[in-house]
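Examination of the molecular architecture
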Amino acid sequence: MAVPVAFFGLFFAYPVTAIVGRGLKAGGDWQFGRIGDVLARPDILDVLWFTTWQALASTALTLLIALPGAYVFARFDFPGKQLLRAVVTVPFVLPTVVVGTAFLALLGRGGLLDELWGVRLDTTVWAILLAHVFFNYAVVVRTVGGLWSQLDPRQEEAARVLGAGRFAAFRRVTLPALGPAVAAAALMVFLFTFTSFGVVQILGGPAYSTLEVEIYRQTAQLLDLPTAAVLTLVQFAAVGAILAVHAATVRRRERALKLVDPDLTSRRPRGPGQWALLGGVLLTALLLILLPLGVLVERSFDGAGGYGLGYYEALQSAGSGGSSTFLVPPLEAVGNSLRYALVATLIALVVGGLAAAALTRRAGRLVRGFDALLMLPLGVSAVTVGFGFLITLDEPPLDLRTSWILVPLAQALVGVPFVVRTMLPVLRAVDDRLREAAAVLGASPLRAWREVDLPLVRRAVLVAAGFAFAVSLGEFGATVFIARPDNPTLPVAVARLLGRSGELNYGQAMALSTILMLVCAVSLLLLERIRTDRSGEF
């Protein structure tokens, strides 16, 4: 536990605490009265209300649309199932900047809806809700569908034999068994939408602001650290409560269910009703997932003189179109992002692998608290972490403000939870007697890990590396502060291009988003080939 604790203490707890301290201190004394003053402001109350209700609405809409897909993946066997599963998972690993850009191309000014029917939905709450459903569809399908595929269908069939109707059997037998999984998926969707930043920043416009967006505005634009500190504490408390409830629902699910082999529960659709349900899920995937991404790709080729590679060619010049957005050609952001993501993945594997190994040991409440700590970077304001890096890591021996390693360190904070969640179940499944036998034969702990654990968890390591690479590649909230102008990452480059007017900047943003989407999609497809089909969760 020493290395992970030191890593999170130095690069997470220290920056966040420093930002909060600067905001709540005046003349060396704590000013806790500022909390009440900030939370009493009408504009802050509006932000809190919008953050909460849009997260609730996004969660409900995601469950409504994704639960039929979870059933189809759990119970039906059809051609192209593995490919479709990979396709619906692509949005989850896409950077929020790409998601926002894709929906901007579909719903915004000059977008597909605007061209066909003269309808614009950008700067409306509907664009935000649809983008959140797009982003979190796979969370419900994978989490609920994975468990659903392992529920014994004979229990529901027995209820039908005893006289229960189809709906009554589902409500009384299947739904209670799925309840913990549905609750866990809903809580994760709520967490991701409650802390939404890139999607709201791009699609919401000035009219809508979540806590994360408001923290960014108060920090970067208004330099109002007291308000930003209070909002960070509010978000921290909310995220901690969500994660605590999520952990309880997961433990309840693990204790309550007896599962069967998922290969025994899936079959070909039967009857017109089941085929219609399958067709509806395929249509949903087409309209919700493939259409926005397809429009994004199409817009990247649609230049002023017709379709071509003009926007991609413009990425090779730093001052194309008279733009001073970049000190270097935007295309260099591709190489920067790949290098940063590779280093961040290596850091995440080392830190997350050690953390997962520590969590397999029995150490009571200490280990459970450590497990919760590892999940906090997913919900705590990345904007706060990024700005905290700038004001804390500025003195020897940790003067890293001008160092390239700062970006991978911030990205690794987001990658570590995915590494832990992927490797932990596999490590816990390794029989302790194998390690004990190796020790009896004279193997050191390091050699026992190398000879016993590593061969068994090699595939999990590759899956964890794939997730860490994808999420590191798309990290935006922290890197928007710390990425240097001469070394931008892809998400930061896209955001800068979208922030400037002009058709050329807009087209280059579409082109860079397409490149970023393709890199993430390829990473996921490779991950899908090596992942275990029986893993019910991410």
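As a reminder, the structure under discussion sits directly above these lines.
Throughout what follows, the structure given in this document is the object of discussion. Just so you know, these numbers come straight off a predicted model, no measurement behind them.

Bringing the overall build of the chain into the picture now. A count of helical and extended segments in the chain gives 23 helices and 6 strands. Taking all 538 residues of the chain together, the buried fraction comes to 52%. Here the chain displays about 23800 Å² of accessible surface, and carbon together with sulfur accounts for 63% of that area.

With that settled, consider the packing of helix H3 (residues 42-75) against helix H13 (residues 271-301). The N-to-C vectors of H3 and H13 enclose an angle of 125°; their axes lie 10 Å apart at closest approach. Classified by the interaxial angle, the pair formed by H3 and H13 is oblique. As H3 runs across H13, the sense of the crossing is left-handed. Packed against H3, whose contacting residues are Ile-65, Pro-68, Gly-69, Tyr-71 and Val-72, the element H13 presents Leu-277, Leu-278, Val-281, Thr-284 and Leu-288 at the interface.

Among the nonpolar cores identified, the biggest contains 168 residues, and Phe-7, Leu-94, Leu-203 and Phe-389 are the most heavily contacted of them. Element by element, the count of residues in this core is highest for helix H7 (residues 125-148), at 16 residues. Setting aside chain neighbours within four positions, we find Leu-203 in contact with Gly-100, Phe-103, Leu-104, Asp-122, Thr-123, Thr-124, Ala-127, Ile-128 and Ala-131.

Checked against the element boundaries, Ala-285 lands in helix H13. Relative accessible area serves as the criterion here: at 4%, Ala-285 is assigned to the buried category. Through-space distance from the C-alpha of Ala-285 to that of Val-88 is 6.8 Å; in sequence the pair is 197 residues apart. Setting aside residues up to four positions removed in sequence, Ala-285 forms contacts with Leu-84, Val-88 and Leu-290.

Take the pattern of salt bridges next. Enumeration according to the criterion identifies 6 salt bridges in this entry. Measuring nitrogen to oxygen at the nearest pair gives 2.9 Å for the salt bridge that ties Asp-122 to Arg-120. You can call Asp-122 buried: its relative accessible area is 9%. Using a relative accessible area of 42% as the deciding quantity, one classes Arg-120 as partly exposed. Residue Arg-484 pairs with Asp-486 through a salt bridge whose shortest N-O separation is 3.4 Å. Residue classification places Arg-484 among the partly exposed residues on the basis of a relative accessible area of 37%.

So, about the environment of Leu-498. Its location among the elements puts Leu-498 in helix H22 (residues 490-498). By relative accessible area, Leu-498 is classed as partly exposed at 23%. Residue contacts for Leu-498: discarding those within four places in its chain leaves Thr-101, Leu-104, Ile-202, Tyr-506 and Ala-509.

Further remarks concern the packing of aromatic side chains. Think of a pair of aromatic rings as described by two things: how far the centres are apart, and how the planes are tilted against each other in angle. Tallied over the entire structure, the rule returns 16 aromatic pairs. A ring pair is formed by Phe-103 and Phe-134, whose centres lie 5.3 Å apart and whose planes are at 80°; its orientation type is edge-to-face. With Phe-103 in helix H5 (residues 96-107) and Phe-134 in helix H7, this residue pair connects regions lying 31 residues apart in the sequence. An identical accessibility class is assigned to Phe-103 and Phe-134; each is buried. Here Tyr-216 and Phe-481 contribute two aromatic rings whose centre-to-centre distance is 5.8 Å and whose plane-to-plane angle is 70°, an arrangement assigned as edge-to-face. On the criterion of sequence distance, the pair formed by Tyr-216 in helix H11 (residues 211-221) and Phe-481 in helix H21 (residues 479-482) is long-range, its members being 265 residues apart.

Moving on to the packing of helix H15 (residues 332-359) against helix H20 (residues 445-474). Their axes nearest at 8 Å, the elements H15 and H20 cross at an angle of 135°. Put simply, H15 runs oblique to H20. Between H15 and H20 the crossing geometry is right-handed. Contacts between H15 and H20 involve Ser-337, Leu-338, Ala-341, Leu-342, Ala-344, Thr-345, Ala-348 and Leu-349 from the first element and Val-461, Ala-464, Ala-465, Ala-468, Phe-469, Ser-472 and Leu-473 from the second. Class assignment of the residues belonging to the contact of H15 with H20 gives a composition of 12 nonpolar, 3 polar and no charged.

What counts as what
Residues numbered from 1 in each chain as written. Predicted model: local features only at pLDDT ≥ 70, side-chain atom pairs only at ≥ 80, totals over all residues. Heavy atoms only, no water. Helix = DSSP H or I, 4+ residues; strand = E, 2+ residues; numbered from the N terminus. Buried < 20%, exposed > 50% of the residue type's maximum accessible area, 1.4 Å probe, protein only. Areas by Shrake-Rupley, 256 points an atom, 1.4 Å probe, with all protein chains shown as cover. Axes fitted to C-alpha atoms, helices over the stretch in contact; angles between N-to-C directions. Parallel < 35°, antiparallel > 145°, perpendicular 65-115°, else oblique. Left-handed = near helix turned anticlockwise from the far one by under 90°. Contact = heavy atoms within 4.5 Å. Core = buried A, V, L, I, M, F, W, Y, C linked by side-chain atoms within 4.5 Å. Salt bridge = Lys/Arg side-chain N within 4 Å of Asp/Glu carboxyl O. Phe/Tyr/Trp six-rings, centres within 6.5 Å; stacked < 30°, edge-to-face > 60°. Nonpolar A, V, L, I, M, F, W, Y, C, P; charged D, E, K, R; others polar.

Shape is all these values report; function is a separate question.
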